[in-house]
Amino acid sequence: PPDDIGKQVYNDAFYALMTFEAERAATFFKQADNFLQRRRQKEYVAPWLMGNTYATLLDTLRKQRFQVFGKKVAVPQRQLCMLLIKAWAAVLFRRT
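Residues numbered from 1 in each chain as written. Predicted model: local features only at pLDDT ≥ 70, side-chain atom pairs only at ≥ 80, totals over all residues. Heavy atoms only, no water.

Q: Which residues make up the packing of helix α2 (residues 45-63) against helix α3 (residues 77-93), and what are the values?
A: Each pair of packed helices can be summarised by the angle the axes make with each other and by the distance between the axes. Between α2 and α3, the shortest axis-to-axis distance is 10 Å and the interhelical angle comes to 150°. Taken together, α2 and α3 sit at an angle that is classed as roughly antiparallel. For α2 against α3, the interelement crossing comes out right-handed. Taking contact as the criterion, the partners of V45, W48, L49, N52, T53 and T56 in α2 are, on α3, Q79, L80, L83, L84, K86, A87, W88 and V91. When grouped by side-chain class, the residues that make up the contact of α2 with α3 number nine nonpolar, four polar and one charged. (Axes fitted to C-alpha atoms, helices over the stretch in contact; angles between N-to-C directions. Helix = DSSP H or I, 4+ residues; strand = E, 2+ residues; numbered from the N terminus. Parallel < 35°, antiparallel > 145°, perpendicular 65-115°, else oblique. Left-handed = near helix turned anticlockwise from the far one by under 90°. Contact = heavy atoms within 4.5 Å. Nonpolar A, V, L, I, M, F, W, Y, C, P; charged D, E, K, R; others polar.)

Q: Outline helix α1 (residues 12-37), listing residues and values.
A: With 26 residues, α1 extends 37 Å from end C-alpha to end C-alpha; this agrees with the ideal 38 Å at 1.5 Å per step. Residues of α1 that are buried sit in contact with α2. Between the side-chain oxygen of the N-cap and the backbone nitrogen of A13 there are 3.2 Å, and the N-cap of α1 in question is N11. (Expected span 1.5 Å × (residues − 1). Polar contact = N/O pair within 3.5 Å; in protein donor to acceptor, adjacent residues only side chain to side chain.)

Q: I'd love a proper account of the pattern of salt bridges, names of residues and values included.
A: Once their charged atoms are close, side chains differing in charge can pair, the charge on each being opposite to the other. Counting across every chain of the model gives four salt bridges. For K7, the salt bridge identified is with D3, shortest N-O distance 3.2 Å. K7 gets classed as exposed once you look at its relative accessible area, which sits at 58%. Linking E23 and R62 is a salt bridge whose minimum nitrogen-to-oxygen distance equals 3.4 Å. Linking E23 in helix α1 with R62 in helix α2, this pair joins segments that are 39 residues apart in sequence. Of the residues examined, E23 reaches a relative accessible area of 46% and is grouped as partly exposed. According to the relative accessible area criterion, R62 is partly exposed, its value standing at 28%. Each of E23, D59 and R62 takes part in salt bridges that share partners, so that together they form one network. (Salt bridge = Lys/Arg side-chain N within 4 Å of Asp/Glu carboxyl O. Buried < 20%, exposed > 50% of the residue type's maximum accessible area, 1.4 Å probe, protein only.)

Q: Which residues make up the environment of A55, and what values do they have?
A: If you trace the backbone, A55 turns up in helix α2. The class for A55 is partly exposed, based on a relative accessible area of 21%. Separated by 30 residues in sequence, A55 and A25 place their C-alpha atoms 8.3 Å apart.

Here's what the structure looks like:
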């Protein structure tokens, strides 16, 4: 039933919905990444970093099988730092 989410019910229907939405979101992240790859990297560091942070969070949710009721889901600080380093390295070493 539709009110299962409000009641925080984790079942096959919830998992199927989350899997569908995750695939949909991943498609949008990929499209945005392709868009940003064609632009001057220096001007798009913040959107790239945001998109990759959310994509990493989505991967984390998938690995946890969308167990979002009860515990906080977050991207580990080490991964966030690596994303930031990658973003700035791309700006510093890319020729545009």
